[in-house]
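Secondary and tertiary structure notes
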Amino acid sequence: MATNGTLHGGQTGTQIRLTGVSKDYGLATPAVDDVSLTIEPGEFMTLLGPSGSGKTTTLNLIAGFETLTGGTIAFDGKDVGTLPPHKRNLGMLFQNYALFPHMTVAQNVAYPLRERRLAKADITRKVAEVLELVQLTGRDDHHPAQLSGGQQQRVALARAIVFGPSALLLDEPLGALDRNLRATLQAEIHRIHSEVGTTFVFVTHDQEEAMNLSDRIALFNNGRIEQLGTPEELYQNPRTLFTARFLGDSNVFSPLAIGDGKVTWENNVWSASTSFADAALVVRPEDVRLGSPPPDSNSVNATVRAVEYMGAYRTALLSFGSSGVLGRARLDAADTSLAPGQQVTAWWPVAQQRLVLSKEPS
Amino acid sequence: MKARTVDPIPWWLKLIGAVVAIYFILPTLFVIPMSFSEAATFQFPPRGFSLRLYENFFTNPVWLDALKNSVVVALLASVLATVVGTAAALGLHSLRGRLARFARTLLMVSMVTPAIVIAVAVYISFLQWQLVGTFGGFVLAHAAIGVPFVLVSVTSALGGFDPKLLRASASLGAPPLRTFRTVTMPLISRGIVTGAVFAFVTSFDEVVIALFLRSPTLQTLPVQMYNSVTVEIDPTIAASSSVVVTVVTVLCLVLQFARKGR
């Protein structure tokens, strides 16, 4: 691939620092409530959360499309709170691509360069270069309506990075694409992040996307950051029940009676230690086994409700204990020994269980 | 543009359409043949064939001045109405709530107010501002009644406009005014042109307000036409009517074809 340093290499991106950022529309609760977050240069940061959690508003605050009602936003230490969007030098990708329908692919991509008054020859060269980067060479004269959704998003991506922005903001850019395309474009975004090397801020409600792409994830809930960390940290060590439920499947045992080195759920006494007064016990389906429990494990009686074939594996749908709380265990794809209605003992290694804060902070 | 499939139109709807069309066109069908008549008075069917009435229309300074005034007033009024109407449509498009609805209604009110009411109101206020009988007065009054047409057509053009494009453009470094010029305007140009043509035509054939605002030295074509039948019975009106009908029809057809061509 022809590279000459204008699009990639040597670029580390901008640090984006949010300090006590708030956005209040005057509704019952603020859309964004005292969020502090430092996105490092070149980092792939995902703002993850359900709809209405404040992630998109936070992105719009960074972009300058919304005005702050509290706190500060700084790029590389420089306050940008009053800077209008067109002076922030940020690339942006939208869910509906937002390509200019009356311009060709080449004109769309050249738009930010013309805005920056580059020489015509430079514009032509950079447009060709970036279209090669997103693998759309030869489509210069097409209009957006003549392209597929995936191609349109590639054009939008080319347009958003061609001028070497300080950071790229991605607002659910894969939301409108079907499953296969999404996977392809996800890989594309990953590749371009590593080639361009600028800061990426990615908003999504899809935990799989977040886990696959991110260096770090900021999980949003009710306008606040519920937990911040690498995908592994969030998956392996959720701090709250919300995090445990939002990233991956969880078997949740709550409420617990907390004793010294022990917790009691219904009449099962398990070894566990926690400093939370109000904790829930969480076990991932892949850590739950069926059969007689070995030492250093906790167990519970369960009834098999159903077995689902998932291709690579099977999932047993279980109801636990006397209250019949639903949960899941992952089985081998070849395991056909279980039938609905069967009584089993479910167990998991003590080391694989997590005790999390069960109350959602209000 | 993709071809759209439309439900077939039922025969009775076609019939009603035809009847209404004939009802509207019939008077014109009498006027145009009469404009080529040799007679010095109104006669139908016309006698003989001559261009005498047209000659009179295009050489008599009274008619010619009136035509020139009408064209200039209509041009300026439509430019003014287009700027104001487009700005209003853009502003109201991004506003929600009671105040925006109220403002929209206020801007549309001249469409449903009887012309004579507007004319009297304009006359009384323009008397105080000393605008009666002036070019500026004609342009202002005609621009005011043209604004609703621009507002409606630009608003409907904005219906298909994706506001995310404004954000995209801003993120790419374009300040708001340049975004309007390079993104918004090209995409809603059809609505703007439609509105401008309607504003032009509205001014070009407006007679009631013009009757109040005219002065002995300044009058528009419709006013001269009105005079020619009420005061002097001048058959030249047949020629001038034909000219007006032709101009308006051509404008509307151009608009129609420009739309299809896109």
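All values reported here derive from a predicted model rather than from experimental measurement.

1. Some details on the nonpolar core
With 101 residues, the main nonpolar core has A:A158, A:L169 and A:V201 as its most contacted residues. Taken domain by domain, this core gets at least three of its residues from each of domain 1 (16-236) and domain 2 (249-357) of chain A. With residues near it in sequence (within four places) discarded, A:V201 still touches A:I16, A:I39, A:M45, A:L47, A:L59, A:I62, A:A167, A:L169 and A:L170. Formed by 47 residues, the second largest nonpolar core is a distinct cluster that contains B:A66, B:L80, B:A119 and B:I192.

2. A look at the domain arrangement of chain A
What the domain assignment reports for chain A is domain 1 (16-236) and domain 2 (249-357). With centres defined by C-alpha atoms, the gap from domain 1 of chain A to domain 2 of chain A works out at 39 Å.

3. What about the sheet that holds strand 18 (residues 313-320) of chain A?
Residues and elements named next belong to chain A. Spatially, 16-20-17-18-19 is the arrangement adopted by the five strands of the open sheet, whose pairing is antiparallel. Looking at which strands have only one partner, the edges of the open sheet turn out to be strand 16 (289-290) and strand 19 (325-332). In this sheet, strand 20 (residues 343-349) lies alongside strand 17 (residues 297-309) in antiparallel orientation, the contact comprising seven bridges. Within strand 20, the residue paired with V300 across the bridge is A346.

4. Focus: the packing of helix 3 (residues 61-93) of chain B against helix 8 (residues 176-204) of chain B
Residues and elements named next belong to chain B. One way to put it is that helix 3 packs onto helix 8 with a least axis distance of 8 Å and a crossing angle of 140°. Compared by their axis directions, helix 3 and helix 8 come out oblique. Note that helix 3 runs across helix 8; the crossing there is right-handed. Packed against helix 3, whose contacting residues are S70, V73, A74, L75, A77, S78, A81, T82, G85 and T86, the element helix 8 presents I192, G195, A196, A199, F200, S203 and F204 at the interface. A class-by-class count of the residues in the contact of helix 3 with helix 8 yields ten nonpolar, seven polar and no charged.

5. Quick word on helix 1 (residues 11-35) of chain B
For an α-helix, the turn length of 3.6 residues means that residues three or four places apart are oriented alike. All names here are of chain B. Helix length check: helix 1, at 25 residues, gives a terminal C-alpha distance of 36 Å against a target of 36 Å (1.5 Å per residue), a fit within 8%. Most pronounced at I25, the bend in helix 1 amounts to some 35°, and the proline P27 follows within four residues. In terms of residue burial, helix 1 counts as a barely covered element, since only two of its 25 residues are buried.

6. A look at the pairing of strand 7 (residues 167-171) of chain A
All names here are of chain A. Of all five residues in strand 7, five are buried, a share of seventy percent or more. Across the two faces of strand 7 the burial is the same, with A167, L169 and D171 and L168 and L170 all buried. Pairing of strand 6 (residues 90-93) with strand 7, which is carried by four bridges, proceeds in the parallel orientation. Note on strand 7: the bridge partner recorded for L90 is A167. Direction of pairing for strand 7 relative to strand 8 (residues 199-204): parallel, over a ladder of five bridges. The partner of L168 across the bridge, within strand 8, is F200. The parallel pair strand 7 and strand 8 is bridged by helix 5 (residues 179-196), and the resulting crossover is right-handed.

7. Things to note about the interface of chain B and chain A
Opposite the 14 residues of chain B that make contact, chain A presents 18 residues. Only helix 7 (164-171) and helix 8 of chain B provide two or more residues apiece to the side of chain B that touches chain A. For the side of chain B that touches chain A, the element with the highest residue contribution is helix 7 of chain B, accounting for six residues.

8. Quick word on the environment of A:V196
Note on placement: A:V196 falls in helix 5. A:V196 sits 38 residues away from A:L234 along the chain, and the two C-alpha atoms are 27 Å apart.

9. Examining unusual backbone geometry
All names here are of chain A. A cis amide bond links S254 with the next residue in sequence, P255, at an omega value of 0°. Positionally, P255 belongs in the loop between strand 11 (251-253) and strand 12 (257-258). A positive phi angle, near 60°, is found at Q135, a position not held by glycine. Looking at where Q135 falls in the secondary structure, it is placed in the loop between helix 3 (120-133) and helix 4 (149-161). With 11 C-beta atoms counted inside 10 Å, the residue Q135 sits in the exposed group. Backbone geometry at E266 places phi at a positive 50°, although glycine is not the residue there. Summarising the element assignment, E266 is placed in the loop between strand 13 (262-265) and strand 14 (268-271).

10. Observations concerning the pairing of strand 14 of chain A
All names here are of chain A. Both strand 13 and strand 14 contribute to a ladder of four bridges, which runs antiparallel. Looking at strand 14, one finds that V263 is bridged to W270. Taken together, strand 13 and the strand that follows it, strand 14, pair antiparallel across an intervening segment of two residues, in which E266 is found at a positive phi of about 50°.

11. Focus on the sheet that holds strand 10 (residues 224-229) of chain A
All names here are of chain A. Ordered by their spatial adjacency, six strands build an open sheet running 6-7-8-3-9-10, and the pairing between neighbours is mixed. Single-partner strands in this sheet number two, and they are strand 6 and strand 10. Sheet twist, expressed as the average angle between the axes of neighbouring strands with direction ignored, equals 20°. Helix 4 contacts strand 6 and strand 7 of the sheet and is inclined by roughly 170° relative to strand 6.

Rules used in this analysis
Position numbers for residues start from 1 in each chain and track the written sequence from start to end. For this description, chains carry letters from A and ligands carry numbers from 1, given in the order in which they are written. Side-chain atom pairs in this predicted model are given and counted only at pLDDT of 80 or more, local residue features only at pLDDT of at least 70, and totals for whole chains, interfaces and linings cover all residues. Here, a nonpolar core means buried Ala, Val, Leu, Ile, Met, Phe, Trp, Tyr and Cys residues linked by C-beta atoms lying within 7 Å of one another. Labels follow a simple rule on C-beta atoms placed from the backbone: if 20 or more others lie within 10 Å of a residue's own, it is buried; if 12 or fewer, it is exposed; otherwise it is partly exposed. Boundaries of every domain are those given by an automatic assignment or by a domain database. Each residue gets a C-beta atom placed from its backbone, and two residues are in contact if those atoms lie within 7 Å. In short, DSSP must find at least two bridges between two strands for them to pair. The helix count covers DSSP runs of H or I at least four residues long, the strand count covers runs of E at least two residues long, and both are numbered beginning at the N terminus. Comment: axis = line fitted to C-alpha atoms, over the contacting stretch for helices; angle = value between 0 and 180 degrees taken between N-to-C directions. Each angle gets one of four labels, with under 35 degrees taken as roughly parallel, over 145 as roughly antiparallel, 65 to 115 as roughly perpendicular, and the rest as oblique. Crossing handedness follows the turn of the near helix against the far one: under a right angle anticlockwise gives a left-handed crossing, and clockwise gives a right-handed one. All amino acids are sorted into three groups, where Ala, Val, Leu, Ile, Met, Phe, Trp, Tyr, Cys and Pro are nonpolar, Asp, Glu, Lys and Arg are charged, and the leftover types, Gly among them, are polar. To estimate the expected span of a helix, count its residues, drop one, and scale the result by 1.5 Å. What we call the bend at a residue is the angle made by axes fitted to the seven residues finishing there and the seven residues starting there. Classification remark: right-handed applies to a crossover when, strands pointing away from the viewer, the course from the first strand over the helix to the second runs clockwise.

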